[in-house]
Amino acid sequence: MYQQHGYGGNQQQQYGYGGYQQQAPQQQQQQQWVPIDQHNNILKNFRLAHEQVETQRRQMEEQEKIVASLKERISRLEGADEDAIARPTGSRGGSSVDDFSIRNAGANLERLINRWAVDTVRIPPATLNVVRDAALEDIFGSTPPADPSAPSPAVVQALLRHAMSDAISEGIINCLIVTNSSEANVQLTRIHGHLFARDPTVAAVWRRQTYSAAVESCTPEMSLVIMTDTIPRLTKLLAVDGKTPPPTCTQILDNAYAFSRMLHGSKSTSGGTTDAFYRAFVPELGSVLHPKQIELIKRCLKSERGETDRVGACVFPGLVKVSREPSATAANGGSAATEDVHTVVRRAQVMCQCALGYHNDQQQQGYQQGPPPGEPSDLAYQQY
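Sequence order as written defines residue numbering, which begins from 1 separately in each chain. Since the coordinates come from a predicted model, pLDDT governs what is reported: local features require at least 70, and pairs of side-chain atoms require 80 or more to be given and counted, while whole-chain, interface and lining totals use all residues. With hydrogens and water excluded, all non-hydrogen atoms of the structure serve as input to the side-chain values.

Our focus in this paragraph is the overall build of the chain. Across its full length, the chain carries 14 helices and 9 strands. Here a residue-residue contact requires only that any non-hydrogen atoms of the pair lie within 4.5 Å. Taking all contacts inside the chain whose residues are at least 6 apart in sequence as the whole, residues at least 24 apart take part in 76%. Each accessible area is a Shrake-Rupley estimate made with a 1.4 Å probe; only the visible protein chains count as cover when residues are assessed. Counting every atom, the chain has about 23100 Å² of accessible surface; 52% of that belongs to carbon and sulfur. Think of it this way: any DSSP run of H or I at least four residues long counts as a helix, any run of E at least two long counts as a strand, and we number them from the N terminus.

Structure follows, in structure tokens:
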């Protein structure tokens, strides 16, 4: 019995010694040495890679200096002041216009127009029938059919917003307001059109330089001229003593002018690759709803049922970016002709006829006039 226990104890010691022998090769594997040649090759490759990275970094710095110098020369050609040139801005600097700035400024102007329409209907200068007929006459340019029925305040508000949208589109945004003279502004707009047809880049530089010397705001006389040219009946109805526009209308025109200066007098965020300018459009009353051009602010039940509905009123104009690109003939090897490309940047805010309560043909009479030739509905717009 003793020998067995002793043998067993020795056997345990052998097992323990064997376990020590099994751990020794593992420690030897962990302490393997790298040959000196392989070590030198690794250091050499690392040094070469570091030198290549450093060379690429220097090349990128040189390219950044060249790009900064070119931007500075372009800014000087565009008439930028020395402070703006010396103070670099980011990709969304204050001198450029982007989609967020357009939407933000457009939303503020839309609220002013809505507030003016609500205040006019709450304290009307005449009966709602007279205000409605005056708005329709300004919109269509002719006396509307007689309608003795009393309109709802919502309909009158929508028509007032449509008329004011027409006024700021044709009188301010689509016309370069640079001076207090309407004749001079029309001539400047024609000059810009001729320049843009020949060379969009030259037109863009000329437009920015021209707006750098433009008037800061519209004078009351200029505001009255714009309203008289675009909405004469409403101007006669709303003007104080028939000569002075109400303060709310003046505030709207001032904000519309600031919005126009932001669109026409600022640089594009495309980095100079595309020279374009903005135009406003207002869908005609009674025209068919085009999803790429309009955005409904109220639910349209007829469209949900698959039926055709029409524009009841445009409460805020849409914006398109006009640029010139080579035509298909030039792309196929033909003459170097160019054509205008219209891209919808901001869709027009529209209320359909069913949302305004026009449910029968008699109520829709006078709203079925289609847009005349050359209006935005006839142009092939692209969704932005």
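The next point concerns the side chain of Ser-223. Here Ser-223 lies in helix H9 (residues 220-230). Setting aside anything within four residues of it in sequence, one finds Ser-223 in contact with Cys-218, Pro-245, Thr-250 and Leu-253.

Expected helix span is taken as 1.5 Å per residue step, with the number of steps being one fewer than the number of residues. With 21 residues, helix H6 (residues 153-173) should reach 30 Å at 1.5 Å per residue; the first-to-last C-alpha distance of 28 Å fits that figure. Burial classification: accessible surface area is computed with a 1.4 Å probe over protein chains only, and a residue below 20% of its type maximum counts as buried, one above 50% as exposed, and the rest as partly exposed. Here H6 lies mainly inside the structure; 16 of its 21 residues are buried.

A few words now on the pattern of salt bridges. A carboxyl oxygen of Asp or Glu within 4 Å of a side-chain nitrogen of Lys or Arg is what we treat as a salt bridge. Tallying each qualifying case throughout the model produces 11 salt bridges. Its salt-bridge partner being Arg-233, residue Glu-137 comes within 2.1 Å of it at the nearest N-O pair. In this pair, Glu-137 is assigned in helix H5 (residues 128-140) and Arg-233 in helix H10 (residues 232-238), connecting sequence segments 96 residues apart. One network of salt bridges, with partners in common, ties together Glu-54, Arg-57, Arg-58 and Glu-61.

Turning our eyes to something else, we now look at the packing of helix H8 (residues 200-212) against helix H11 (residues 247-265). Axis lines are fitted through C-alpha atoms, for helices just across the contact stretch, and the angle between N-to-C directions can take any value from 0 to 180 degrees. At their nearest, the axes of H8 and H11 sit 9 Å apart, and the two run at 140° to each other. Taken as axis vectors, H8 and H11 run oblique relative to one another. Mapping the contact onto sequence places Arg-207, Arg-208 and Tyr-211 in H8 and Ser-260, Arg-261, His-264 and Gly-265 in H11. Residues were grouped as follows: Ala, Val, Leu, Ile, Met, Phe, Trp, Tyr, Cys and Pro as nonpolar; Asp, Glu, Lys and Arg as charged; and all remaining residues, including Gly, as polar. Split into classes, the residues belonging to the contact of H8 with H11 amount to 1 nonpolar, 3 polar and 3 charged. Any angle from 65 to 115 degrees is called roughly perpendicular, while one under 35 is roughly parallel, one over 145 is roughly antiparallel, and all others are oblique.

Residue placement: Asp-309 occurs in the loop between helix H12 (301-304) and strand E5 (311-316). Charge counting treats Lys and Arg as positive and Asp and Glu as negative, with His and both chain ends excluded. Here Asp-309 is buried and forms no salt bridge, its nearest opposite-charge partner Lys-302 lying at an N-O distance of 4.3 Å. Once residues lying within four places of it in the same chain are set aside, the contact partners of Asp-309 are Val-288, Leu-289, Cys-300, Lys-302, Ser-303, Cys-352, Gln-353 and Cys-354.

Before going further, it helps to spend a moment on the pairing of strand E8 (residues 348-352). Counting buried positions over the 5 residues of E8 gives 5, a clear majority of the element. Going residue by residue along E8, you find Ala-348, Val-350 and Cys-352 tucked away on one face and Gln-349 and Met-351 tucked away on the opposite face as well. We treat two strands as partners when DSSP finds at least two bridges between them. In this structure, E5 lies alongside E8, joined through 4 bridges in antiparallel fashion. Note that in E8 the partner of Val-311 across the bridge is Cys-352.

Further remarks concern the packing of helix H7 (residues 182-198) against H8. Relative to each other, H7 and H8 sit at 150°, their axes nearing to 6 Å. Here H7 is positioned roughly antiparallel relative to H8, judged by the angle of their axes. Residue-level inspection shows Leu-188, Ile-191, His-192, Leu-195, Phe-196 and Arg-198 of H7 in contact with H8, the latter providing Pro-200, Ala-203, Trp-206 and Arg-207. The residue makeup of the contact of H7 with H8, split by class, is 7 nonpolar, 1 polar and 2 charged.

Pairing within the open sheet is mixed, and its 3 strands lie in the order E4-E8-E5. Each of the sheet's edge strands pairs with one partner strand only, and the pair in question is strand E4 (294-296) and E5. Shown here is a sheet whose adjacent strand axes are inclined to one another by a mean of 40°, direction ignored. Taken together, the 3 bridges between E4 and E8 define a ladder with parallel strand orientation. Its bridge partner lying in E8, Ile-294 is registered against Ala-348. Along the sheet, H6 makes contact with E5 and E8, crossing E5 at roughly 60°.

This brings us to H9. Buried within H9 we find Met-222, Ser-223, Leu-224, Ile-226, Met-227 and Thr-230. Those residues of H9 hidden inside the fold are in contact with H5, H6, H7, H10 and H11.

Mapping Gln-251 onto the fold places it in helix H11. C-alpha separation for the pair Gln-251 and Trp-116, spaced 135 residues apart in sequence, amounts to 9.7 Å.

This part covers the environment of Asn-180. Looking at the secondary structure, you find Asn-180 in the loop between H6 and H7. Overall, the relative accessible area of 43% leaves Asn-180 in the partly exposed class. Along the sequence, Asn-180 and Cys-218 sit 38 residues apart, while their C-alpha atoms lie 7.1 Å from each other.

Another point: the packing of aromatic side chains. Aromatic pairs are defined between Phe, Tyr and Trp rings, using the six-membered ring for Trp, whenever the two ring centres lie within 6.5 Å; interplanar angles under 30 degrees are classed as stacked, those over 60 as edge-to-face, and all others as tilted. Inspection of the entire model under this criterion finds 1 aromatic pair. Seen in terms of ring centroids, Phe-196 and Phe-277 are 4.8 Å apart; in terms of plane orientation they differ by 85°. Their pairing is edge-to-face. Of this pair, Phe-196 sits in helix H7 while Phe-277 sits in strand E3 (residues 277-281), and the two are 81 residues apart along the sequence. Look at Phe-196 and you get buried, because its relative accessible area is 4%.

Our focus in this paragraph is the state of the cysteines. Note on terminology: pairs of cysteine sulfur atoms within 2.5 Å are recorded as disulfides. Considering all chains together, one arrives at 0 disulfides under this definition. Unpaired in terms of disulfides, Cys-300 finds its nearest cysteine sulfur in Cys-352, a separation of 3.6 Å.

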